Amino acid sequence: MSRNSMTAFPFPRTAIAATLALLSMPTLAEELVLEEVIVTAQKRAESVQDIAATVNVVSGQDIDKFAAFDFNSIQQQTAGLTLSQPNARNNTISMRGISIDPEAGVSSAVEVYWNDAIVRSDVAFNQMYDLERIEVLRGPQGTLQGRTSPGGAINMITKRPSLEESEGYVQGSVSDNDGYNGQLAYGAALLPNQFAVRVAGVYDTNNGDDVENITTGMDDQEIKAYSGRLTALWQPSDTVQTQLTYQYLDRESDDPKAMSGTDALGGRPTLKPGDRKALGNSDDYGNMDFHLVNSNTDWEVLNHQVTAIIAYQESNKPAQNEIDRAYSLQYTPTQAPSFQVPETKTDSISYELRVASSDRDFWNYMVGLYYQDQNTTTSFVQNGVRVDVQGLGFQTTGTLPVNSNNFAIFTFNTFDLTDTLQLEAGLRWTDYEGYRTATINFGGLTWVPPSLEQVRDQIEDGFAANFPIVGIPPDQQSRTEDAFTGSLALRWDWRDDTNLYFSYNRGYRPGGISIVPSPDIVFLPNGVNDLLYDEETSDAFEIGSKSRLWDGRATLNTALYYQSFDGYLGFVRGVQVLNDQGNPVDLPGGLVYNGDANIWGVEIDGQVLLAETWSAGGTLSYSKGEWDGATAPCNEREPGQVLGSCDIDGEPLGGEPEWSFSLNSEYYIPIDDTEVYVRGLFKYTDDRINTEASAGTYNVANDFESYEILDLFVGWRSSNYTWDVSAWAKNVFDEDAVIFQQGPDQYDIAVSGGSYTQTNTVRERIIGMTARYNF
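Presented here is a report on the structure given in the accompanying data block. Given the structure is predicted, the values throughout are model-derived calculations rather than measurements.

### Observations regarding the overall build of the protein
Phase 1 of the analysis: When helices and strands are tallied, the protein shows four helices and 47 strands.
Phase 2 of the analysis: For 775 residues, the compact-globule estimate of 2.2 N^0.38 gives 28 Å, and the C-alpha radius of gyration of the protein, at 27 Å, lies within 12% of that figure.
Phase 3 of the analysis: Counting only C-alpha atoms, the protein reaches 90 × 55 × 50 Å along its principal axes.
Phase 4 of the analysis: Looking at the protein as a whole, 57% of its 775 residues are labelled buried.
Phase 5 of the analysis: Taking the contacts inside the protein whose residues are at least 6 apart along the sequence as the reference set, 70% of them involve residues at least 24 apart.
Phase 6 of the analysis: Counting every atom, the protein has about 31,300 Å² of accessible surface; 53% of that belongs to carbon and sulfur.

Okay, here's the thing in structure tokens:
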């Protein structure tokens, strides 16, 4: 069989499935060797050691053994990957130092896929259960993946039913954060070797970041979610197989914002980050529900494999956010509300068709078509207060549709130049079409001071005269562009146990326009043209090695990469422009801008079977990104400037740590037909800059300090892994490092000069137990 032929996925519990970090218990045959890890990162089943790129794998077994109940937990097992969620609505995935603020509205730096079909990242940031594995693809994805992304991609693969046997599991976990996680899965072959189904579900509840709102009295924060999945696998013949998967999830999350600071007016309490106290006059929340449908058909015909993937996603994300986060309006006479209620609805459908050759001696090829149509609409109701007008309250409503579709043609080719030398070449052409706008309307007055009640109608008419606000002019609402991206890689099997590779990848993100729903854009030097941003292109080079050492008992993979950007997409909030009276006014929404930049780094991952009962593994990442001769919009102006421009040459590209590493180990003692084990997971995260526009002002930190997280597990299981009972502690030393800090809200600045900042810390220590039964 050639190295490019399709390989079936083995169902039995793998011994050690995480190339990237953690190891599971090795399954031993006649000798002590690591289990081979099979992935589909390049749209064909192959060993992760044979791919000329950095691909990390977190297996379903790793997810279970480290009690990783939600997507955020994956970063503990992986170096160089940051999964941040400053609130229940927003989330960011950063890889190799590349990230983008989710409020920017630009294409993602790292895309997420579910069974090879693209999904929104907020779909991923939820409970995980019954997964086969998670593949982390590092570097630009410009050939085979659904959308081009400069940082990488993450593919979540759910478990398939077996056509030959019935099996499943029941698992329950309890923890001292008011946590309970219950999972179950069962698969059965209804028609042996032809048709099988698998059902799986999860119910999860916990107290989140355990933040108490001392203003409203809410002291029992809760995040609750439940989800179900149904998978059907049909194989009518040896050459045709179809998998259909449906998943539903519903999540409800209390989302109070923890504050820190000292009240300049003396009435509010002094709070530290570790106090985990909120001050808002209303209780925030962020809920979500979604439906995913995925159909994947493979047909082997005439020495080719034809693959068709159809995927549909529908999601709804309502929330409430208190604007007066520090409850500063208590110092004013207002009785008006001050919260916003946004809701984002998305529906998306994608199609992919590929044809790939099989078992050709010299040249194996793949050609394909891809199309995606996604429609997203965010609507909101916002309650505002005019502090300068005796606390006058008013309401605005808005609608922000963002629609996009892209069509792509791609090819990927593998040439076996010799028995030890392989060349890969890929090319992709993508046509992008996008539409976005923002319309803000006046919703009326919510409270009028008694002294102004007699002129209420005149005040209301004055407000209404400024609306509607169209954030994007009609001639800028639609955009079309196309681009070529691709890849080139050369792999040399230097020795039987070591290969070396060199690769080149081209990345791309389309341009667009910043959404600034304000009439003050007329004061920009070039008007609406200052809201436009150009496309981003990048060229990435990587050299690496992959080795199996110590007679198969260890693996060691290394990579050195460099990536240069032409027009990297940056984003800044809080920018002000001078109006016609020379006074600064806010540009809400923020500005996207372009600038040249470069990133270089090193990645190492390895694992080893130190003994029959002792395994260890780890990953290390160093990434350094800097702006190269770039400038960014800011509030520091030279005389005569209405919009400031700051030199950011040589400054860090984003708020990601330069150094991070993850280590793990497990040791077990056989006792009759059982095993007693202990395992540990350690993650170090280096210090990093704060990318918030308020950094360096109002006591907002410029940098976040480094921190370490240690998780420990001890348990007892049967030797054949039928049952397993464990006790565990996450964040053993109760680290309380600050990981997010945002400056004072507008009312706090107006009333007290800015006393409090929103400050998020890592989750406090959690102690729990898990019991599992496999059948």
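### Some words on the state of the cysteines
Phase 1 of the analysis: Tallying each qualifying case throughout the model produces one disulfide.
Phase 2 of the analysis: Here Cys634 pairs with Cys646 through a disulfide, and the sulfurs are 1.9 Å apart. In this structure the cystine formed by Cys634 and Cys646 twists about its S-S bond by roughly 85°; its chirality is therefore right-handed. Pair noted here: Cys634 is in strand 37 (residues 631-634) and Cys646 is in strand 38 (residues 644-647), with a separation of 12 residues, a long-range link.
Phase 3 of the analysis: For Cys634, a relative accessible area of 12% translates into the label buried.

### Some remarks on the pairing of strand 24 (residues 421-436)
Phase 1 of the analysis: Of the strand pairs in this sheet, strand 23 (residues 392-416) and strand 24 are connected by 15 bridges, and their pairing is antiparallel. Looking at the pairing, Phe407 lines up with Asp431 of strand 24.
Phase 2 of the analysis: Between strand 23 and the antiparallel strand that follows it, strand 24, lie four residues.
Phase 3 of the analysis: Looking at chain direction, strand 24 and strand 27 (residues 478-495) are connected through 15 bridges and run antiparallel. Opposite Leu421, over in strand 27, you have Trp492 as the bridge partner.

### Digging into empty space enclosed by the protein
In this approach the atoms are scanned with a rolling probe the size of a water molecule, which exposes any empty space left behind.
Phase 1 of the analysis: In this structure the tally under the stated criterion is 13 cavities of 30 Å³ or more.
Phase 2 of the analysis: Around the largest cavity, the lining comprises 29 residues; the ones closest to its centre are Gln42, Ala53, Pro140, Gln141 and Asn505.
Phase 3 of the analysis: When contributions to the lining of the largest cavity are tallied by element, the ones reaching two or more residues are strand 8 (131-138), strand 27, strand 28 (498-509) and strand 31 (536-549).
Phase 4 of the analysis: A per-class count over the lining of the largest cavity returns 15 nonpolar, 10 polar and four charged.

### Notes on a negative patch on the surface
Phase 1 of the analysis: Taken together, the side chains of Asp534, Glu535, Asp566, Asp596, Asp628, Asp647, Asp649 and Glu651 define an acidic patch exposed on the protein surface.
Phase 2 of the analysis: Along the chain, Asp628 turns up in the loop between strand 36 (614-627) and strand 37.
Phase 3 of the analysis: Exposure remark for Asp628: the relative accessible area of 44% places this residue in the partly exposed category.

### Quick word on the packing of aromatic side chains
Phase 1 of the analysis: Per the counting criterion, the structure on display carries 25 aromatic pairs.
Phase 2 of the analysis: Taking the centre distance of 5.0 Å and the plane angle of 50° together, the rings of Trp363 and Tyr365 count as tilted.
Phase 3 of the analysis: Judged by its relative accessible area of 32%, Trp363 falls in the partly exposed class.
Phase 4 of the analysis: Each ring, one from Tyr773 and one from Phe775, has its centre 6.3 Å from the other, and the planes form 25°; the classification is stacked.
Phase 5 of the analysis: Assessed through its relative accessible area of 38%, Phe775 is described here as partly exposed.
Phase 6 of the analysis: In textbook terms, an aromatic cluster arises when at least three aromatic residues are bridged by ring pairs, as seen for Phe362, Trp363, Tyr365 and Phe415.
Phase 7 of the analysis: Sitting over the ring of Phe66, Arg679 keeps its end group 5.9 Å from the ring centre.
Phase 8 of the analysis: When the ring centre of Phe69 is taken as origin, the NZ or CZ atom of Lys730, which lies over that ring, is 5.1 Å away.

Cut-offs and rules
- Numbering of residues starts from 1 in each chain and follows the order in which that chain's sequence is written.
- Given that this is a predicted model, residues contribute local features only at a pLDDT of at least 70 and side-chain atom pairs are listed and counted only at 80 or more, while totals for whole chains, interfaces and linings are drawn from all residues.
- To get the side-chain values, take all heavy atoms of the structure and skip hydrogens and water.
- The secondary structure listing takes helices from DSSP runs of H or I that are at least 4 residues long and strands from runs of E that are at least 2 residues long, numbered from the N terminus.
- Within these notes, the globule rule equals 2.2 Å times the number of residues to the 0.38 power, and the radius of gyration is based on C-alpha atoms.
- Remark: exposure states derive from per-residue accessible area (1.4 Å probe, protein chains only) relative to the maximum for the residue type, with buried under 20%, exposed over 50%, and partly exposed in between.
- By the convention used here, residues are in contact when the closest approach between their heavy atoms is within 4.5 Å.
- Residue burial considers only the protein chains on display, and all accessible areas are found by Shrake-Rupley using a 1.4 Å probe.
- Note that a disulfide, as used here, is simply two cysteine sulfur atoms within 2.5 Å.
- By the convention used here, strands pair only if DSSP detects at least 2 bridges between them.
- Here the term cavity refers to a set of points on a 1 Å grid, laid over the protein atoms alone, in which a 1.4 Å probe fits but cannot get out; the term pocket refers to an open set having protein on both sides within 12 Å along at least five of seven lines, with lining residues being those that place an atom within 4 Å of a point.
- Grid points are joined across faces, edges and corners, and a volume is the space filled by probe spheres set on the points.
- The nonpolar class holds Ala, Val, Leu, Ile, Met, Phe, Trp, Tyr, Cys and Pro. Asp, Glu, Lys and Arg form the charged class, and all remaining residues, Gly among them, are polar.
- What makes a patch is a set of residues exposed beyond 30% relative accessible area and free of salt bridges, joined within 9 Å when like-charged and within 5 Å when nonpolar (Val, Leu, Ile, Met, Phe, Trp, Tyr).
- By definition here, a salt bridge exists when the distance from a side-chain nitrogen of Lys or Arg to a carboxyl oxygen of Asp or Glu is within 4 Å.
- Charged residues are defined narrowly, with Lys and Arg counted positive, Asp and Glu counted negative, and His plus the chain ends left uncounted.
- Lys charges are placed at NZ, Arg charges at CZ, Asp charges at CG and Glu charges at CD.
- Two rings from Phe, Tyr or Trp (for Trp, the six-membered ring) form a pair when their centres are within 6.5 Å of each other. A pair whose planes differ by under 30 degrees is stacked, one over 60 is edge-to-face, and the rest are tilted.
- Counting as a charge over the ring demands two things of the Lys NZ or Arg CZ atom: a distance within 6 Å of the ring centre and an angle within 35 degrees of the ring normal.

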